[in-house]
Amino acid sequence: MNDNVVFSQKLDVEGGDFIRGGESSCRILEILKELAFPPAIVRRAGIAAYEAEMNIVMYADRGTMDLKVTPDRITIIIQDEGPGIEDIELAMQEGYSTATDKIREMGFGAGMGLPNIKKNSDEMEITSTVGRGTRISIVITTNGGDSRDADR
Amino acid sequence: MPIDEHALKIDEGRCTGCVECTRSCPAKAIRVRDGIAEVMAERCIDCGECYRVCPQGAIVPVTTTHTDLSAFKYKVALPSPALYSQFGPNILPEDVLHALLSIGFDLAYDKAYACEMVFGEVKDYIEQNHSREPFISPVCPAVTRLVQLMFPELTSLILPFRPPREVAAKAIKMDVSNRLGIREDEIAVIHITPCLAKLAAMINPPTGEKSYLDGAVGISEIYAQLLTALKQREKKVDEIPELLHRSSGMGIGFGRVGGEVTDLGFEESLAVSGVQDTISILRDLERRKLQNMKYLECQICPGGCIGGPLTVQNRYIASHTISKFVGLFGSKPQVEEMMKSGEQERAHFRLAKSINPVSIPPLDTDTSFAIGKMRLREEILRKLPGKNCAACGAPDCLTLADDIVRGRASIEDCVFIRADGQYRRIKGKGARKR
């Protein structure tokens, strides 16, 4: 495979916009389908991207999602301007959430976002500065990734 | 010319190339070329939105004709429960079934009863096989095709059951053949349908297995005849040999959205109708937001089958009529004795083959080439005006860019680009900045 073959796209996400929240990850999913990735991989990437996008919508002021695709690697970098995460290790635990009651009432904030991103990606890196924002980098490799869909 | 493996055709004499259908199509399956609408068979989901919006009546359902029917010795009408809702609460299902006999069918079978029968089995199956994600209803064929095309990864969640109309068609043929000594191939089972999708699924079944139905006639196509027959029904009462209507309100309820979910009785289930809401709930399912749900009923038509493009009655009035019938005929399914019967019969409820995805072709089957084409598409998209006017014949600028990359259109199809080119030729360079 030729590593010079790259498709990239940058998408904006607005904090607090629950109406349009989810559209950017939907766009990413459409793109991956059109690029002939296997359905199981597309779905994993779609879930990871969606959870990351909703994290921006729920907690941050604004953010961006950078999609970079090569034939064997899907990379999504999610960067936001927001409160940041104080204790990343704690935030990675299933069920841990700092969501407000209002967010929970809307059916979000169950503390599964970051664990779901991890579960559905092959590599995940997260860095955060309190008061500045969070950066999550997700990689999904496309070779033999199908069998990793453990959640079925 | 009928569209391959679908249930509609474009009447080229009527089509004015106005792009209403192109814009309404949720699958982006229609283009206007040389002033005439064209349906891309591989993308069409048979939802009938184009048929609803066409101001010229140029989208024509390809239903079964009298001539087609005359080839058969014995003709059975199998009406969608939605048919019962079309005449108001004072005309009972029994009346409607008899009206079908008066207009020329040899038998009218209460499909609502088959719905109760199949869903008795479905309930057990779900209890035993449910895991974390809900099963998707197999009843609406347009939803099945939508899932196959746009949500390939969800295809495995479609409940592996034959829809009640297929189960009924097979049972009718066996029964009539046994009772009257007529060969099964001389018997025609005709679905009285609220939509085009049932007909399309008959021509091109999702599993590739042959359908047991032999044709479909739209409710709207025989509505006038039925009305006439219903007006004369008093005369016929004495001749009625047996009751045709056997279902409870549960089976009749299948005519509208929520009928399946009500019958199953699971708390953890959802009923959704309308093409946009269906796409949106399937997106949520794809994102695993419906974990622990057991059953997802989706109906492509708003309100369910009573909102089908080939129905006549206002769907809210139709729904009211169904409510009346549910009250009148109760909510206890009438099929208990049937359930205890034949293992063979029950085995037939299940699909023999699985439903596979039929994904929309990607930009290229090779991801490397697809990436190249995607970049090219983005480049083209940036040149297009972004007005989504559809004047080019594609529903929006992105789809035009997509068509160009796939070699199906040219950038000159865009009226803005064409006009700009002409303007530049007149005014010289630099007339346009983008």
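Preceding block: the structure.
Residues numbered from 1 in each chain as written. Chains lettered and ligands numbered in written order. Predicted model: local features only at pLDDT ≥ 70, side-chain atom pairs only at ≥ 80, totals over all residues. Heavy atoms only, no water.

J.: Sorry, what's going on with the interface of chain A and chain B here?
T.: When the parts of a complex come together, some accessible area is lost, and that lost area is often taken as the interface size. Between chain A and chain B, the contact holds 31 residues from the first and 30 residues from the second. Summing the contributions of chain A and of chain B, the shared interface buries around 2600 Å²; its carbon and sulfur component is 51%. Summed over the shared surface of chain A and chain B, the number is three salt bridges. Notably, a salt bridge pairs R377(B) with E34(A), separated by 2.8 Å at the nearest N-O pair. Linking chain A with chain B are 12 residue pairs in polar contact (both at pLDDT 80 or more). For the side of chain A that touches chain B, the secondary-structure elements that each account for two or more residues are β1 (7–14), α1 (23–34), α2 (39–59) and β2 (62–70) of chain A. With eight residues, the top contributor of residues to the side of chain A that touches chain B is α1(A). (Contact = heavy atoms within 4.5 Å. Buried area = accessible area lost by both parts, 1.4 Å probe. Salt bridge = Lys/Arg side-chain N within 4 Å of Asp/Glu carboxyl O. Polar contact = N/O pair within 3.5 Å; in protein donor to acceptor, adjacent residues only side chain to side chain. Helix = DSSP H or I, 4+ residues; strand = E, 2+ residues; numbered from the N terminus.)

J.: Hey, could you run me through the nonpolar core in this one?
T.: L100(B), I136(B), I192(B), L282(B) and I300(B) are the most contacted members of the largest nonpolar core, which has 118 residues in total. Sorting elements by how many residues they give to this core places helix α5 (residues 111–129) of chain B first, with 10 residues. Excluding its chain neighbours within four sequence positions, the residues that come into contact with L282(B) are I136(B), L146(B), V147(B), F151(B), L154(B) and L296(B). L32(A), L114(A), I126(A) and A401(B) belong to the second largest nonpolar core, which has 56 residues in total. (Core = buried A, V, L, I, M, F, W, Y, C linked by side-chain atoms within 4.5 Å. Buried < 20%, exposed > 50% of the residue type's maximum accessible area, 1.4 Å probe, protein only.)

J.: I keep staring at α2(A) and nothing clicks. Help me out?
T.: Working note: α-helix, 3.6 residues per turn, so residues spaced by three or four point in the same direction. Helix length check: α2(A) (21 residues) gives 30 Å between terminal C-alpha atoms against 30 Å at 1.5 Å per residue, within 8%. Counting buried positions along α2(A) gives 19 out of 21 residues, so the element sits mostly inside the fold. (Expected span 1.5 Å × (residues − 1).)

J.: Looking at this model, I keep getting lost on the pairing of strand β9 (residues 215–218) of chain B. Mind explaining?
T.: Here is the key point about a regular strand: its side chains alternate between the two faces of the sheet. Residues and elements named next belong to chain B. Covered by surrounding structure in β9 are G215 and V217 together with A216 and G218, the residues of both alternating faces. As paired elements, strand β8 (residues 187–193) and β9 share four bridges and run parallel to each other. Bridged to I190 within β9 is G215. Note that the unit made of β8, helix α8 (residues 197–203) and β9 has a crossover that is right-handed. (Pairing = 2+ DSSP bridges. Right-handed = clockwise from strand over helix to strand, strands pointing away.)

That is the geometry; function is a separate question.
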